[in-house]
Structure formats: structure tokens, C-alpha cells
Amino acid sequence: MREVNQKPSHPNTYTPGSFPELKEAKVLVVDDEDVIREFVLDTVGEEGAEVTRAETVSTARGIIGTNEFHVALIDAHLPDGSGLDLVARLREVSPRTASILITGFPDPRKAKKMEEVGVETLLTKPFTASQLLFTVYREFMRVKGIDRQSPDTESAGTGLVGNSGFIKKVRQEALLFARGDVPVLIQGPTGTGKEIIARAIHNHSTRRDRQMITINCAAIPDHLEESEFFGHVKGAFTGASAGKDGIVQCADNSTLFLDEVGELSLPVQAKLLRVLDVQEFTRVGDTRPQKVNVRFISATNKDLEDM
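Quick look at the structure, then. Here the structure is a predicted model, which means the values were calculated and not measured. (Residues numbered from 1 in each chain as written. Predicted model: local features only at pLDDT ≥ 70, side-chain atom pairs only at ≥ 80, totals over all residues. Heavy atoms only, no water.)

**Some thoughts on the nonpolar core**
Our working definition: Working definition of a nonpolar core: buried Ala, Val, Leu, Ile, Met, Phe, Trp, Tyr and Cys residues. They are joined through side-chain atoms within 4.5 Å. Remark: exposure states derive from per-residue accessible area (1.4 Å probe, protein chains only) relative to the maximum for the residue type, with buried under 20%, exposed over 50%, and partly exposed in between. For the purposes of this entry, the term helix denotes a DSSP run of H or I that reaches at least four residues, the term strand denotes a run of E that reaches at least two, and both are numbered from the N terminus. Should any heavy atoms of two residues lie within 4.5 Å, those residues are counted as being in contact.
Counting residues in hydrophobic clusters, the biggest one holds 24 residues, and the most contacted among them are Leu22, Val27, Val40, Val44, Leu73, Leu132 and Val136. Counting residues per element, this core draws most heavily on helix H5 (residues 129-143), at 7 residues. Those residues in contact with Val27 that sit more than four places away from it in its chain are Val44, Ala49, Glu50, Val51, Thr52, Phe69, Val71, Leu73 and Val136.

Printed below as a string of C-alpha cells:
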């Protein structure tokens, strides 16, 4: 869970200087992996942001006690403690700071705590330069005064900032989809802001009071997909010493964003189709179906029809 599968790199989906607003940003990154800290420094710092680095909870606590930040990127698991506990401390001393939790593998069992301590966004390893920049940029703009709770204002809270005809059209469509509850598929190249659109839809929907659950489908090993999505009962398989709720259950009454949905195995796609059809699923090893109320938003950079 903790290992970076590949060193993040600058893709050709953006050019340095594309985020001039970040010149005013103060960013904290707390991660025990040198490659992550340096990548954030190189990528976000190249846009002009002031980046402060820490590798432990104790070091970070000393830093946040004497400094203010617009955005903090905090690893979920640090050598001397929990990243979520550090987020909670940061919220106490600097409630205006936006917290982004870095994780190698999202744990749906911690969704409630993430919501309680104020985690706005999950950033799943490995991530690209574009994903990092879009995420930091979105949270920085929100902290600087974009009110995501004002859907009557054309661009308020969508994170889709700009005045071009194209971005206005995307913004209008996102707000339109937010009024309903139908599943949504977002297609486009990596780094073009598909998650931003998903959050815009969720944040203006009737489900906005609950945290959107974001899953990178490409990061889930095939043999764990069914258990992770639907959970399991005690004794369902070797090592299942206790029952566990899955991702779908954790997203009940909220939105489940499936990033890179085209990477899911066909058997799990078939089971998710039943959830889409009748809002019902069965945990691994169980015979009793369970009902949920989940809205699905999916994204992919692949041509699904071609596949």
C-alpha cells in the first residue's frame, strides 16, 4: 500500500506556467518518501508556489504550529503516526487550510473518519504531475474564496475556472447533471480534469453533505476487486477473520467516483451493473443481498466502445 508503483513524471498534458495563481500558494507536503516530497517540490514549486516539506508527524506538527498554509498534502501512513490524526490537528490550528490525503490504496473503512477530520480530497499513488497540479490548484482556489455552496453563481464551487466557451459549456453541463441522479461517464485524456468535473457534479447535488468516495480502479489488484467493492463476511475465505464493509457500502447515500473504470475486470463490471440497475449487492460469502443508495460517476481515458 505504501510503495509508489512508478516514479511520478511530467506528462505532456500541460506546460509549466499553466497555473499562474499558484505563485501565491503556500503548500505543505508531509510524506516519508523522498521521491514524493521532491516531486511535489519540483512540480508545484515550478509554478511558483512556496513548498515546505516534512517526513514525519512530529516534524509536521512543529511546522504547522508556526506557519500557515493554503494546501497541505499529507500521506495517510507516516513512520510515527497517522496522517488522518495530523489532518485533525491541522484543522484545529489552521481551519482554512485545505487537506489532501495521499494514499497508495484507499481504505473505505476510514471514509467516515476522513469526513470527520475534514479531508477534502484523496490523491492516489502513483499520480502524475497534471493530477497533482489540478488537485492543488482546485483546493487553493477554493481556499482563496470560491464558494462551492453557491450553485446559482455561474462558476461558484465547480472548480472549473475559466471564461472560454468550452469551459462554460462544461460548467453548465456539470451543474445540469448535478440536479439529477443518473450515472455519469466522463471521458478524456489523462490530466484534463475528469475528477474536477465529478466533484463539481457531486458538490452541487443533493448528496453534497456526504463525502464523495473516489477509487482508482487501476490500483486494485484483480484478486481483491470483489472483496474491496462489496465487502465480505467472516470466514468467506482464508484470512477473513472478521466481516468487512466494501467500497459500495461506504458510498451509501453519497457518490462513488470510479476513476479509470475501464481497468476493472469483467466479472466485477457485471456485479457493479447490478448495483447500477437495482441498487443491490451481495458481500463475498453471503447469501443475503443488501440495498444501497449510491450514485455512480465514472471516468476513463480509454475508448470503451473500442475495447
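Don't stop here, the text continues.
**A word on the sheet that holds strand E9 (residues 213-216)**
Inclusion rule: At least two DSSP bridges between two strands are required for those strands to pair. To get an axis, fit a line to the C-alpha atoms, keeping to the stretch in contact for a helix; angles then go from 0 to 180 degrees between the N-to-C directions.
Strand order in the open sheet formed by 4 strands is E8-E13-E10-E9, with parallel pairing between adjacent strands. At either margin of the open sheet sits one strand with a lone partner, and together these are strand E8 (184-187) and E9. On average, each strand axis in the sheet is inclined to that of its neighbour by 15°, with strand direction left out of account. Pairing analysis gives 5 bridges linking strand E10 (residues 255-259) to strand E13 (residues 295-300), with the strands arranged parallel. Bridge assignment links Asp259 to a residue of E13, and that residue is Ala299.

**Concerning a nonpolar patch on the surface**
We apply this condition: To count toward a patch, a residue needs a relative accessible area above 30% and no salt bridge. Like charges then connect within 9 Å, nonpolar side chains (Val, Leu, Ile, Met, Phe, Trp, Tyr) within 5 Å. Each accessible area is a Shrake-Rupley result for a 1.4 Å probe, and residues are judged covered by the shown protein chains and nothing else. Salt-bridge detection follows one rule: a side-chain nitrogen of Lys or Arg within 4 Å of a carboxyl oxygen of Asp or Glu.
Taken together, the side chains of Leu185, Leu304 and Met307 define a hydrophobic patch exposed on the protein surface, amounting to about 280 Å² of accessible area. Along the chain, Met307 turns up in the segment after E13. A relative accessible area of 59% means that Met307 is categorised as exposed.

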